[in-house]
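# Commentary on secondary and tertiary structure
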Amino acid sequence: MRVGDFPPDVQPHLIPAPGGDYQYECLSCGEHFGIDQLLYTCPECGSVLLIQDREWDRLKSIPGTMWRRIFDCRGMLSVPALRGIYRFHELLGSILPLEDIVYLGEGQTPVIAANERLSLWAGIPLHFKNDGQNPSASFKDRGMASAFSYLSYLIRKRGLTDVLAICASTGDTSASAALYASYLVQGVKSAVLLPQGKVTPQQLGQPLGSGASVIEIPGVFDDCMKVVEHLSEHYAVALMNSKNAWRILGQESYSFEIAQWFEYDVRQLVIVVPIGNAGNITAVLQGFLKLLDLGIIDGLPTVLGVQSHHANPVFLYYLEPDRSRRAFRPVDVKPSVAQAAMIGNPVSMPRVAHLVERYRRIAGDEGFQVLEVTEQEIMDAMLLANRNGHISCTQGGECLAGIRRAVQERRIDPRSAAVLDATAHALKFAVFQEKYFSDSFEPEYEVTPRKELQNRPHLIAPPEGIPRPSQGAPLDASDFQRFLRYSGSEIARLLGLKPR
Ligand SMILES: *Cc1c(COP(=O)(O)O)cnc(C)c1O
Ligand SMILES: [Zn+2]
């Protein structure tokens with residue numbers, strides 16, 4: 001549709017003009033810094049940053065009800081730059097001119113209501129938001145679209161050349177960064193650092209296919225992260241991890257889309273998010289707080305973070321109810337099927353601590369919760385979800401296991417409905433399904449496959465004397481008939497088919 005096709009009062013707002021005054025804000029010392037350079041940590045105290053719009057309050061001159069209409073109408077415009085996360089331009093990147101926006105089809109992922117069987121199992125009506133249906137098959141594309149749009153703005157405005165975009169990754173960050181870098185071409189190359197043997201073959205194939213330099217590092221993700229931080233301190237590189245506050249901005253779109261899907265009434269929702277490096281939960285909290293501040297929603301949903309017992313530093317942190325006695329301690333991770341969240345020292349922990357205080361002041365203590373689940377629960381839940389029509393990765397399984405536990409432990413209002421983040425596509429984590437189905441989990445995972453959830457192919461193997469077709473040696477008609485009769489009766493026996 002064209003701008004002229006919409007109601008006259010909405011028309012002037014549909015194509016956003018660049019506006020606002022962005023700056024980095026240090027969460028520890030409170031200093032502010034200009035955004036004309038890429039900063040990752042505070043030059044004064046080394047803490048992580050968030051991006052703030054100094055002219056945010058100008059957005060309040062438009063009522064929340066009008067914002068809703070603007071966002072809803074924008075979804076129908078044939079303007080690629082406004083089709084993805086920048087439908088919410090004013091909330092997550094208002095300084096960017098549309099010409100700098102990189103759009104590869106990210107965002108606007110579907111929300112799929114679970115069938116009755118799965119909802120009954122979980123004890124609550126639930127939905128999966130399929131962020132695996134982003135272009136590189138994980139939610140990371142939301143943040144990457146933001147970080148690369150900003151980079152392309154810097155390149156054009158400041159004439160940067162030979163930019164090397166670099167990141168450490170549990171697999172999906174690198175797939176996403178490599179994809180966006182390969183699209184930008186002009187002046188941008190990418191290099192990704194992966195913990196050797198700790199990403200799935202699909203995740204390794206993605207940056208290779210996009211033409212990135214792929215570097216494998218011994219150890220786990222937390223070690224990779226330190227190497228990348230060292231590089232970003234000593235060399236001219238653009239860091240694409242969620243330490244980069246532009247990533248957080250783009251990922252806020254996840255909350256905006258949920259609000260939009262549920263017609264801006266989110267008070268009865270429980271938003272379930274797996275926590276790894278804690279960038280995503282940061283963005284989800286910040287996203288809903290922004291919507292509330294502009295009157296686009298009139299109450300906050302409950303946010304439930306979930307961790308595996310093999311990588312649970314955030315869970316342990318919030319176990320201590322007394323704020324003044326809470327102390328963050330990194331943990332040594334153990335092998336986890338929720339491999340994308342297998343992180344012992346989350347970079348965004350200071351952001352989480354900061355935002356949770358704000359969130360809880362408004363939504364109460366139960367408005368933000370974290371719980372842990374076992375590896376067994378994660379695998380069983382993922383397989384069950386996918387046997388009920390979903391395409392969930394292991395981290396989505398972690399969310400399902402988490403909400404079920406939260407219901408059983410009576411932590412949430414039973415009249416709520418849950419929205420679970422299927423953060424990546426099931427296919428990326430197929431190796432864990434394979435381990436489960438073939439009984440080949442290494443003992444450290446502590447997963448024992450349950451027979452009723454296993455599945456394997458059945459091979460039709462004609463015995464001696466029954467002809468079998470093979471490539472390049474076709475059977476003659478009567479031999480093929482014998483093969484057909486044999487395989488037909490075998491399959492009928494296997495499936496219990498009745499003659500017609
Ligand atoms: C990165 C990632 C996570 C963890 O998100 P954080 O922002 O690091 O907490 C979870 N699931 C998938 C599929 C991921 O790629
Ligand atoms: Zn500081």
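Residues numbered from 1 in each chain as written. Chains lettered and ligands numbered in written order. Predicted model: local features only at pLDDT ≥ 70, side-chain atom pairs only at ≥ 80, totals over all residues. Heavy atoms only, no water.

## Focus: the overall build of the protein chain
Our working rule: Helical segments are the DSSP runs of H or I of at least four residues, strand segments are the runs of E of at least two, and each set is numbered from the N terminus. Our radius of gyration is a C-alpha quantity, and the globule rule it is checked against amounts to 2.2 Å times the number of residues to the power 0.38. A 1.4 Å probe rolled over the protein chains alone gives each residue an accessible area, and that area as a share of the maximum for its type sets the label: buried under 20%, exposed over 50%, partly exposed in between. It only takes one pair of heavy atoms within 4.5 Å for two residues to be counted as in contact. In short, Shrake-Rupley with a 1.4 Å probe defines the accessible areas, and a residue's cover is counted only from the protein chains shown. Asp and Glu are treated as the negative residues and Lys and Arg as the positive ones, with His and the ends of the chain left uncounted. Where a charge lies is defined by one atom per residue type, namely NZ (Lys), CZ (Arg), CG (Asp) and CD (Glu).
Within the protein chain one finds 17 helices and 13 strands. Relative to the compact-globule value of 23 Å for 500 residues, the protein chain shows a C-alpha radius of gyration of 25 Å, a close match. Dimensions along the principal axes, computed over C-alpha positions, put the protein chain at roughly 80 × 55 × 50 Å. Every one of the 500 residues in the protein chain was classed for burial, and the buried ones make up 56%. For the protein chain, the proportion of contacts with a sequence separation of at least 24, taken over those separated by at least 6, is 72%. Approximately 21,500 Å² of the protein chain is accessible, and the part contributed by carbon and sulfur atoms is 51%. Put simply, the protein chain has 49 plus and 55 minus side-chain charges, and the middle of one group is 4 Å from the middle of the other.

## Some points on the site of ligand 1
Note the following rule: Here a residue is near a molecule or strand as soon as one of its heavy atoms is found within 4 Å of it. Nitrogen and oxygen atoms within 3.5 Å of one another constitute a polar contact, given that in protein one can donate a hydrogen and the other can accept it, and given that sequence-neighbouring residues count only through two side-chain atoms. Side-chain classes are defined by residue name, with Ala, Val, Leu, Ile, Met, Phe, Trp, Tyr, Cys and Pro counting as nonpolar, Asp, Glu, Lys and Arg as charged, and the others, Gly among them, as polar. The domain boundaries here were taken from an automatic or database domain assignment.
Ligand 1 sits among 13 residues. The nearest are Lys 140, Asp 172, Asn 277, Asn 280 and Thr 423. Within the backbone of Ala 278, an N or O atom sits 2.8 Å from an oxygen atom of ligand 1. A distance of 2.7 Å separates an oxygen atom of ligand 1 from a polar atom in the backbone of Asn 280. Protein chains shield 98% of the accessible area of ligand 1, which is 380 Å² for the free molecule. Tallied by class, the residues present in the shell around ligand 1 amount to 5 nonpolar, 6 polar and 2 charged. Summarising the domain contributions, the shell around ligand 1 has at least three residues from each of domain 1 (111-136 + 252-453) and domain 2 (139-250).

## What about helix α14 (residues 375-386)?
Basically, it comes down to this: By definition here, a helix of n residues has an expected span of 1.5 Å times n minus one.
Given a rise of 1.5 Å per residue, 12 residues ought to cover 16 Å, and the 17 Å separating the end C-alpha atoms of α14 matches this to within 8%. Counting buried positions along α14 yields 9 of 12 residues, so the element is predominantly enclosed. Among the residues of α14, Glu 375, Gln 376, Ile 378, Met 379, Asp 380, Ala 381, Met 382, Leu 383 and Ala 385 are the ones counted as buried. Looking at the packing, one finds that the buried side of α14 touches α4 (116-122), β5 (126-130), β11 (302-308), β12 (368-373), α15 (394-408) and α16 (430-437).

## As for the sheet that holds β11
The strands that make up a sheet pair up through hydrogen bonds in the backbone, lying either parallel or antiparallel. Operational definition: DSSP-based pairing: two strands are paired if at least 2 bridges between them are found. Axis angles are defined between N-to-C directions and span 0 to 180 degrees, where every axis is a line fitted to C-alpha atoms and, for a helix, only to the segment in contact.
Here we have 6 strands laid out as an open sheet, ordered β4-β5-β13-β10-β11-β12, and mixed in their pairing. This sheet does not close on itself; its edge strands, each paired only once, are β4 (111-113) and β12. Taking the axes of each pair of neighbouring strands and ignoring which way they run, one obtains an average angle of 25 degrees across the sheet. In terms of strand pairing, β5 meets strand β13 (residues 417-422) through 5 bridges, oriented parallel. Paired with Phe 128 across the two strands is Leu 420, which belongs to β13.

## Overview of the coordination of the zinc ion (ligand 2)
Which entries qualify depends on this criterion: Coordination partners: N, O, S within 2.8 Å of the metal, 3.2 Å for Na, K and Ca; water not considered, so apparent gaps in a site are possible. The rule is simple: four donors are tetrahedral if all their angles sit between 85 and 135 degrees, four are square planar and six octahedral if opposite donors span more than 155 degrees and the others lie between 65 and 115, and anything that fits none of that is irregular.
Every protein donor of the zinc ion (ligand 2) is accounted for by Cys 26 (SG), Cys 29 (SG), Cys 42 (SG) and Cys 45 (SG), and the metal-donor separations fall at 2.3 Å. Around the zinc ion (ligand 2) sit 4 donor atoms; with metal-centred angles ranging over 99 to 120 degrees, the donor geometry is tetrahedral. Mapping the donors of the zinc ion (ligand 2) onto the primary sequence yields the spacing C-x2-C-x12-C-x2-C. Taken together, the residues span a long stretch of sequence, with Cys 26 in strand β1 (residues 22-26) and Cys 42 in the loop between β2 (32-34) and β3 (49-53) at a distance of 16 residues. Accessibility expressed as a relative area gives 2% for Cys 26, which makes it buried.

## Details of the packing of helix α6 (residues 172-184) against helix α7 (residues 201-210)
Note the threshold: In these notes the angle categories are as follows: under 35 degrees is roughly parallel, over 145 is roughly antiparallel, 65 to 115 is roughly perpendicular, and the rest is oblique. Here a crossing is taken to be left-handed if its near helix is turned anticlockwise relative to the far helix by less than a right angle, and right-handed if that turn runs clockwise.
Between α6 and α7, the least distance of the axes is 8 Å, while the angle of their chain directions is 15 degrees. Comparing the axis directions of α6 and α7 gives the class roughly parallel. The element α6 and its partner α7 pack so that their crossing is left-handed. Counted together, Asp 172, Ser 174, Ala 175, Ala 178, Leu 179 and Ser 182 of α6 and Gln 203, Gln 206, Pro 207 and Ser 210 of α7 form the full contact between these two elements. Considering only residue class, the contact of α6 with α7 consists of 4 nonpolar, 5 polar and 1 charged.

## Remarks on the packing of helix α10 (residues 253-261) against helix α11 (residues 279-293)
One way to put it is that α10 packs onto α11 with a least axis distance of 7 Å and a crossing angle of 50 degrees. It follows that α10 is oblique to α11 by the angle criterion. α10 and α11 meet at a crossing whose hand is right-handed. Together, Tyr 254, Ser 255, Phe 256, Ile 258 and Ala 259 of α10 and Ala 283, Val 284, Gly 287, Phe 288, Lys 290 and Leu 291 of α11 make up the contact between the two elements. Split by residue class, the contact of α10 with α11 holds 8 nonpolar, 2 polar and 1 charged.

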